[in-house]
Amino acid sequence: MYLKICILTCFSFTVHRCLHFLKTIQKESLPSLVCTKRCVSSSSISRITTHYTVHPRDKDSRWEGVNMERFTDEADVVIVGGGPAGLSAAIHLKHLADRHDKELRICLVEKAAQIGGHILSGACLDPKALMELFPDWKDRGAPLHTPVKEDVFGILTEKSRIPVPLLPGLPMKNHGNYIVRLGHLVRWLGEQAEELGVELYPGYAASEILFHEDGSVKGISTNDVGIHKDGSPKDTFERGMELHAKVTIFSEGCHGHLAKQLYKRFKLRENCEPQTYGIGLKEIWAIDENQWRPGRVEHSVGWPLDKHTYGGSFLYHLNEGEPLVALGFVVGLDYQNPYLNPFKEFQRWKHHPSITPTLEGGKRIAYGARALNEGGFQSIPRLSFPGGLLIGCSPGLMNVPKIKGTHTAMKSGMIAAEAIFKKLLEDNSQPVTQGLHVPEYDVDIRNSWIWKELYSVRNIRPSCHGPLGVYGGMIYTGIFYWIFRGLEPWTLKHKGADYSQLKPAKDCTPIDYPKPDGKISFDLLSSVALSGTNHEDDQPAHLTLLDDSIPVNRNLAEFDGPEQRFCPAGVYEYVPLEIGNGMRLQINAQNCVHCKTCDIKDPSQNINWVVPEGGGGPAYNGM
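Since the structure is predicted, the reported quantities are computational estimates derived from the model, not experimental observations.

About the cut-offs
- Residues numbered from 1 in each chain as written.
- Predicted model: local features only at pLDDT ≥ 70, side-chain atom pairs only at ≥ 80, totals over all residues.
- Heavy atoms only, no water.
- Helix = DSSP H or I, 4+ residues; strand = E, 2+ residues; numbered from the N terminus.
- Rg over C-alpha atoms; globule rule 2.2 N^0.38 Å.
- Contact = heavy atoms within 4.5 Å.
- Areas by Shrake-Rupley, 256 points an atom, 1.4 Å probe, with all protein chains shown as cover.
- Lys, Arg positive; Asp, Glu negative; His and termini not counted.
- Charge placed at Lys NZ, Arg CZ, Asp CG, Glu CD.
- Salt bridge = Lys/Arg side-chain N within 4 Å of Asp/Glu carboxyl O.
- Buried < 20%, exposed > 50% of the residue type's maximum accessible area, 1.4 Å probe, protein only.
- Pairing = 2+ DSSP bridges.
- Axes fitted to C-alpha atoms, helices over the stretch in contact; angles between N-to-C directions.
- Core = buried A, V, L, I, M, F, W, Y, C linked by side-chain atoms within 4.5 Å.
- Polar contact = N/O pair within 3.5 Å; in protein donor to acceptor, adjacent residues only side chain to side chain.
- Patch = residues over 30% accessible without salt bridge, like charges linked within 9 Å, V, L, I, M, F, W, Y side chains within 5 Å.
- Expected span 1.5 Å × (residues − 1).

As for the overall build of the protein chain
Here's step 1: Tallying secondary structure elements over the protein chain gives 16 helices and 24 strands in all.
Here's step 2: Computed over its C-alpha atoms, the radius of gyration of the protein chain comes to 24 Å, within 12% of the 25 Å expected for a compact globule of 623 residues.
Here's step 3: Principal-axis analysis of the C-alpha atoms gives the protein chain an extent of 70 × 70 × 50 Å.
Here's step 4: Within the protein chain, residue pairs in contact and separated by at least 24 positions form 79% of the contacts whose partners lie at least 6 positions apart.
Here's step 5: Of the roughly 25,700 Å² of accessible surface on the protein chain, 53% is carried by carbon and sulfur atoms.
Here's step 6: Computing the positive centroid from 67 side-chain charges and the negative centroid from 71, the protein chain places the two 4 Å apart.

Quick notes on the pattern of salt bridges
Note on pairing: side chains with opposite charge can pair once their charged atoms come close.
Here's step 1: Applying the stated criterion across every chain yields a total of 32 salt bridges.
Here's step 2: Glu320 is the partner of Arg181 in a salt bridge, and the nearest nitrogen-oxygen pair spans 3.7 Å. With Arg181 in the loop between strand E7 (178–179) and helix H5 (182–196) and Glu320 in the loop between strand E16 (311–317) and strand E17 (324–332), this pair connects stretches of sequence that are 139 residues apart.
Here's step 3: A residue is classified by how much of its surface remains accessible, and Arg181, at 12% relative accessible area, is buried.

Here we look at the sheet that holds E17
Here's step 1: Strand order in the open sheet formed by 7 strands is E6-E5-E15-E16-E17-E14-E18, with mixed pairing between adjacent strands. Looking along the sheet, the strands with just one partner apiece sit at the ends: strand E6 (161–163) and strand E18 (363–373). On average, each strand axis in the sheet is inclined to that of its neighbour by 20°, with strand direction left out of account.
Here's step 2: Bridge analysis of strand E14 (residues 277–286) against E18 gives 10 bridges, and the strand direction is antiparallel. Paired with Ile279 across the strands is Ala371, a residue of E18.
Here's step 3: Against the sheet, helix H7 (residues 342–349) engages strand E5 (150–156), E14, strand E15 (296–302), E16, E17 and E18, with an angle of about 135° to E17.

Remarks on the nonpolar core
Here's step 1: Core analysis: the biggest nonpolar cluster contains 82 residues, and Leu144, Ile220, Phe250, Leu262, Leu390, Ile420 and Tyr441 have the highest contact counts within it.
Here's step 2: Take this core: its biggest share by element is 10 residues, from helix H9 (residues 406–426).
Here's step 3: Sequence-distant contacts of Leu390, defined by excluding residues within four places in its chain, comprise Phe250, Ala259, Leu262, Tyr263, Leu268, Arg382, Leu383, Phe385, Pro395 and Tyr441.
Here's step 4: Among the nonpolar cores identified, the runner-up in size contains 59 residues, and Ile284, Leu333, Leu585 and Trp609 belong to it.

With respect to H7
Here's step 1: Burial runs high along H7: 7 of the 8 residues are buried.
Here's step 2: Buried residues of H7: Pro342, Phe343, Glu345, Phe346, Gln347, Arg348 and Trp349, and no others.
Here's step 3: By the N-cap criterion, in which a side-chain oxygen at the helix start approaches the backbone nitrogen of a residue two or three places on, H7 is capped by Asn341, the distance to Phe343 being 3.1 Å.

As for the pairing of E15
Here's step 1: Burial analysis of E15 places 7 of its 7 residues in the buried class, the great majority of the element.
Here's step 2: Burial along E15 is two-sided: Arg296, Glu298, Ser300 and Gly302 facing one way and Val297, His299 and Val301 facing the other are all buried.
Here's step 3: Summarising the sheet, E5 and E15 pair through 7 bridges and their orientation is parallel. In the strand pairing of E15, Ile155 is matched with Val301.
Here's step 4: Bridge count for E15 against E16 is 4 bridges, and the pairing is antiparallel.

Let's talk about the environment of Leu333
Here's step 1: In this structure, Leu333 sits in the loop between E17 and H7.
Here's step 2: Contact partners of Leu333, with chain neighbours within four places excluded, come to Tyr277, Gly278, Ile279, Asp498, Thr597, Ile600 and Lys601.

Considering a nonpolar patch on the surface
Here's step 1: On the surface, Leu167, Leu468, Ile475, Ile479, Trp482, Ile483, Phe484 and Leu487 cluster together into a nonpolar patch covering about 770 Å² of accessible area.
Here's step 2: Along the chain, the position of Ile475 falls in helix H12 (residues 470–484).
Here's step 3: The exposure class of Ile475 is partly exposed, given its relative accessible area of 45%.

Quick word on H5
Here's step 1: The end-to-end C-alpha distance of H5 is 21 Å, a good match for the 21 Å that 15 residues give at a rise of 1.5 Å each.
Here's step 2: Those residues of H5 that fall on the buried side of the exposure criterion are Leu182, Gly183, His184, Leu185, Val186, Trp188, Leu189, Gly190, Gln192 and Ala193.
Here's step 3: Buried-residue contacts for H5 involve helix H3 (84–99), strand E3 (124–125), helix H4 (128–133), strand E8 (199–202) and H9.
Here's step 4: Note on H5: the residue one or two positions beyond its end, Gly197, has a positive phi of about 105°.

Quick notes on the environment of Asn174
Here's step 1: Tracing the chain through its elements places Asn174 in the loop between E6 and E7.
Here's step 2: Residues Asn174 and Val152, spaced 22 residues apart in sequence, show a C-alpha to C-alpha distance of 9.6 Å.
Here's step 3: What Asn174 contacts, discounting residues up to four positions off in sequence, is Cys124, Val148, Asp151, Val297, His299 and Lys404.

Focus on the sheet that holds E3
Here's step 1: The strand order E3-E7-E4 describes an open sheet built from 3 strands, whose pairing is antiparallel. What marks the edges here is a single partner per strand, and that holds for E3 and strand E4 (146–147).
Here's step 2: Across 2 bridges, the pairing between E4 and E7 is antiparallel. Across the sheet, Thr146 pairs through a bridge with Ile179, a residue of E7.

Right, here's the structure in full:
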């Protein structure tokens, strides 16, 4: 209804005013709703996938006569994604414009209902980039309340913990860092951006890249709303809005669905290795005050994973006025056993004798999950193309052994802002006939501390692929990194794309996971309920299948349906056919926490994650 009102308003106001009006009357997020029943889809829906990206509307008679016109607005710079990178780019652009007394219109769209609502990270923050962006961040009240005071690392066996000393200079050393709730920091960055005049539009998902006739990026369009689950238009159907810009910055985070398209169209990954990933699962607990050690950082590797499965854990003690800890578990998505379940590994890990005492008597108050980049230096694509740039975790600028990417993401946004601003000054008098190309950004990244930092640790993650697995990686780090600081004259390679690493189920041993006790470990659906996840139920599933037959015919037949295990939100399950024998895949799209794991790990590469209606997804509070 609010979009109908907006259309009427646009006849008497400019499109620029329309966008502001949309923002003020945007409907509030619905209460959290998670599918807690294994409901069978309506028999009237013959397809699993009904999304228009797979079944075009111009070939669907139900869409005949529907008005497909979109309103258009223009800005100097459009930013897709309101995370640390996107907000840092917006803020720094405004800083530069103010210093040079220039007017810049910067619009940022974010698919979460609130800025910071989809952010999930450990997080132990290196404040280097924040200090560059806001030297007075303390006076401004940035929510960095917990400086690291204690830093421990260990190898877990099933019953014990072997301490490992953290020598000065090793990537895991956290002296000078802060334990933060990254969603709160991002929300604060959003407030700083708005004060500077950046236009923020949370709840609007960028669904499509727009191009000029010459092939350069023109901008983006936000998603359409008002579509039934079967793919037909509702009476309330409204088209999204087009946002055109001289330069569009893509800062979608890890494995962005628009970035995937840009990689192919502009061949950005021609000269780098495939990106590799991990899945990170996280909880926040309120614990017994006697177990609380504010500023303590704990990391571990080993149990319950075997040596050939990359992964590890974190346990951070926050200092925010109450005894809170943030804990989580990361599993590399290049694992081979299709029976592995990252969520259940996380729950099992909490029962380790070195972990359980911290949690006993406490209460779990939040849960979430997100994929993270692990490819590092070897997997960085070309970052610029006509009309746009990639920044932050979208291209994968994470320091993997350091387990940190926020500082590099923020710095990349600042570098992008400087390169764009110079280009805009040069081309200020020229009409916008094509998207500006800013190849200087690639050069500037290579000349920055980001490049030096990622290059120095480039061999640590791939060194875990040897016969000794993770322990071989630790030995490599202790010898070559600690002594040579990454100056060894070779660069190791990754094994290849994560989806290609799974072995057939017949070649692997099923894993027997213990049942959750409801005190330390929990079931999946009660966990998803703590994420605040909600999607409008009557819309096409945004987890699209290129071929509806592949899940049963290949994934289930060959790999025993790994999507029902690698998804950390219970989105995928195989259920019996209503008539006859056999199974079918059921997609509970309303449970999706937007982690992107399915798009990454699906062995058939048949799942394509696209954005749902804006505002849908998790509603994280300081994750």
